[in-house]
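Structure at a glance
Single-letter residue listing:
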Amino acid sequence: MNVVSARMMADSVATGLADENETENEDKEREKRLFRETKEQAASDLTETLGFYERKAKYKERKSNVSDLSLVRFISAELTRGYFLEHNEAKYTERREKVYTCLRIPKELEKLMMFGFFLCLDVFLYVFTLLPLRVLLALVRLLTLPCCGLSGSRILQPAQVCDVLKGVIMILCYFMMHYVDYSMMYHMIRGQSVIKLYIIYNMLEVADRLFSSFGQDILDALYWTATEPKERKRAHIGVIPHFFMAVLYVFMHAILIMVQATTLNVAFNSHNKSLLTIMMSNNFVEIKGSVFKKFEKNNLFQMSNSDIKERFTNYILLLIVCLRNMEQFSWNPDHLWVLFPDVCMVIASEIAVDVVKHAFITKFNDITADVYSEYRASLAFDLVSSRQKNAYTDYSDSVSRRMGFIPLPLALVLIRVVTSSVKIQGSLSIVCVVLFYLGMITLKVLNSIVLLGKSCKYVKEANMEEKLFQNPPSAAPSRASSRAHRTKHTREPAGEPEEEGLSASVTTQPSRSDECPAPQLPTSQSDQFLTTPDESEEKSLIQDDTELKHRAPDKDLLEIDRFTICGNRID
């Protein structure tokens, strides 16, 4: 019994110990769980506390920075702030070059304007001096040719035919101008209001440009129709309509210039000079219409030629105004000093507008001032090339095409005004007229010699001597002529060589075949498209058009005249 009871007591003691161990383990796990939860709670509380302190630190720092931004510190920072221009050296160097270019523009522009002015003066004096002598020599040749027995040669050379046509046109238009009453025109314009006269003057300027553009084409068509080789004598009848068209053009353009001179005369004689001021302000409107457009070198060349022509025409108009006013005041020299300030004001405004316009055009389009020397060389090349043996046009016609300056109407108006203002009576007056004519011839010869010397210098500096010995350019054939030319050659045998001869051209004047035969017109694949195109020709035409588009901006200045469209667009 004692053994059993002892064993039972040992079992109970072991069971109690096991229960106590389990209880202790549960207590330990509970304590660990509580410790872990407490630690996590403490960590989260610490994170929130740190965020609070960080926000508080940032707030204090911002508050301290705001307190440091005082007015004194701002002013001191503005006074001591620095920067370095050499960090953008290329930009400032370019700006400086633009300023230097603008400062060089007046000098280079006036050099071109002065050279162009004397070119126009040379052409203008040619109408009064050498043209009458050339017409007289042509008439003498025409009258003495039957006596010489030269029946097989030309009656007149092409240049002499053109001179005779110019002389006949001038004589007919001069007698037609006698039916235009200048005094009635003056009083009719004087009775209009200022606004009407301003509008009329603007319309006259536009009409003058249109007349100049179409007038030179009319004269060129007349000259070529009269001098081109003709197989039948009946073909000479076509000269008659061209001649009457040229006479009508010169007469209408002369009336237009006379109305311009009359309007300017009314502006000079107005009491408050308001009309003269409005006309001068019209020049500044030209700046607005030109400066803010995209210009290339060819476009600027056209504008420069137009400015030269406009300036010379204005000088002649001012001369006409002075002559009419001096006649009204019985040639009193004191009245000339009354007109002198207004004349100087008109000239100064014209020069100022041209300088400002060209300066800003070159600035906005990145054009250097050296381009004006190229323009001057191109004008000089026309003068030098007209003195060559193979010249294909007269120098006066070349200037007319290049600048749009046609001297015949302007000379006709000046002759009409001078003959009506100056009365020639007695032998002494005739002697004075002869001496004046000899003086004009002397001036013309001296001016031509100086211009020819300067032109040779400019052409040599521009390295353009080789172009003087090249063949004259020939115009592209028209659709009908190329079709006839193609039909003619398709009918020839394949192995037969082409016939050599003169090609029909609308610009090349006929010359003597023994000295300088005229070059044949170049034929290209694009001309074949005018008849019956095939696939290969279409491909070549597309390729030629693509190349032409790429070559368009690089057009030579010698091919640009006053009325050539050079793609003046606003991008």
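Keep in mind the model is a prediction, meaning the values are calculated, not measured. (Residues numbered from 1 in each chain as written. Predicted model: local features only at pLDDT ≥ 70, side-chain atom pairs only at ≥ 80, totals over all residues. Heavy atoms only, no water.)

**What to know about a nonpolar patch on the surface**
The grouping of W331, V418, V422, I424, I430, V431, V433, V434, L435 and L438 at the surface amounts to a nonpolar patch, some 860 Å² of accessible area in total. The biggest single contributor to the nonpolar patch is helix 15 (residues 427-461), with six residues. Tracing the sequence through the fold places V431 in helix 15. According to the relative accessible area criterion, V431 is partly exposed, its value standing at 44%. (Patch = residues over 30% accessible without salt bridge, like charges linked within 9 Å, V, L, I, M, F, W, Y side chains within 5 Å. Areas by Shrake-Rupley, 256 points an atom, 1.4 Å probe, with all protein chains shown as cover. Salt bridge = Lys/Arg side-chain N within 4 Å of Asp/Glu carboxyl O. Helix = DSSP H or I, 4+ residues; strand = E, 2+ residues; numbered from the N terminus. Buried < 20%, exposed > 50% of the residue type's maximum accessible area, 1.4 Å probe, protein only.)

**Topic: helix 10 (residues 297-328)**
Taking 1.5 Å of rise per residue, the 32 residues of helix 10 would be expected to cover 46 Å, and the 47 Å separating its terminal C-alpha atoms lies within 8% of that figure. Within helix 10, 27 of the 32 residues are buried, leaving the element largely enclosed by the surrounding structure. Positive phi shows up at S330, right after helix 10, with a value of about 55°. (Expected span 1.5 Å × (residues − 1).)

**Considering helix 5 (residues 158-177)**
Taking 1.5 Å of rise per residue, 20 residues should cover 28 Å, and helix 5 covers 29 Å from first to last C-alpha, within 8% of that figure. Buried within helix 5 we find P158, V161, C162, D163, V164, L165, K166, G167, I169, M170, C173 and M177.

**Here we look at the packing of aromatic side chains**
A complete count under the given rule lists 14 aromatic pairs for this structure. With a centroid separation of 5.8 Å and an interplanar angle of 85°, the aromatic rings of Y372 and Y375 are classed as edge-to-face. Linking Y372 with Y375, this pair stays in helix 12 (residues 371-385), spanning three residues, or about one helical turn. In this structure Y375 comes out as buried when scored by relative accessible area, which is 0%. The residue whose ring lies beneath R376 is Y458, and the NZ or CZ to ring-centre distance is 4.4 Å. (Phe/Tyr/Trp six-rings, centres within 6.5 Å; stacked < 30°, edge-to-face > 60°. Lys NZ or Arg CZ within 6 Å of the ring centre and 35° of its normal.)

**Considering a positive patch on the surface**
On the surface, a cluster of positive charge is made up of K28, K32, R33 and R36. The residue K32 is located in helix 1 (residues 2-68) in this model. (Lys, Arg positive; Asp, Glu negative; His and termini not counted. Charge placed at Lys NZ, Arg CZ, Asp CG, Glu CD.)

**Looking at unusual backbone geometry**
Positive phi is not limited to glycine here, since W331 has a value of about 55°. Positionally, W331 belongs in the loop between helix 10 and helix 11 (333-364). Backbone geometry at N463 places phi at a positive 55°, although glycine is not the residue there. For N463, the location among the structural elements is in the loop between helix 15 and helix 16 (479-490). Note on N463: relative accessible area 65%, which makes it exposed.

**Here's the deal with the pattern of salt bridges**
Where charged atoms from two side chains of opposite charge come close, those side chains can pair. Counted by the stated rule, this structure contains 14 salt bridges. Between K357 and D307 there is a salt bridge, with its nearest N and O atoms 3.0 Å apart. Highlighted residues: K357 in helix 11 and D307 in helix 10, separated in sequence by 50 residues. The exposure class assigned to K357 is buried, which follows from its relative accessible area of 0%. Between D382 and R402 there is a salt bridge whose closest N-O contact spans 2.8 Å. With D382 in helix 12 and R402 in helix 13 (residues 395-403), this pair connects stretches of sequence that are 20 residues apart. Accessibility assignment for this pair places D382 and R402 in one class, buried. Taken together, the salt bridges that share partners define one network made up of E110, D307, R311, D354 and K357.

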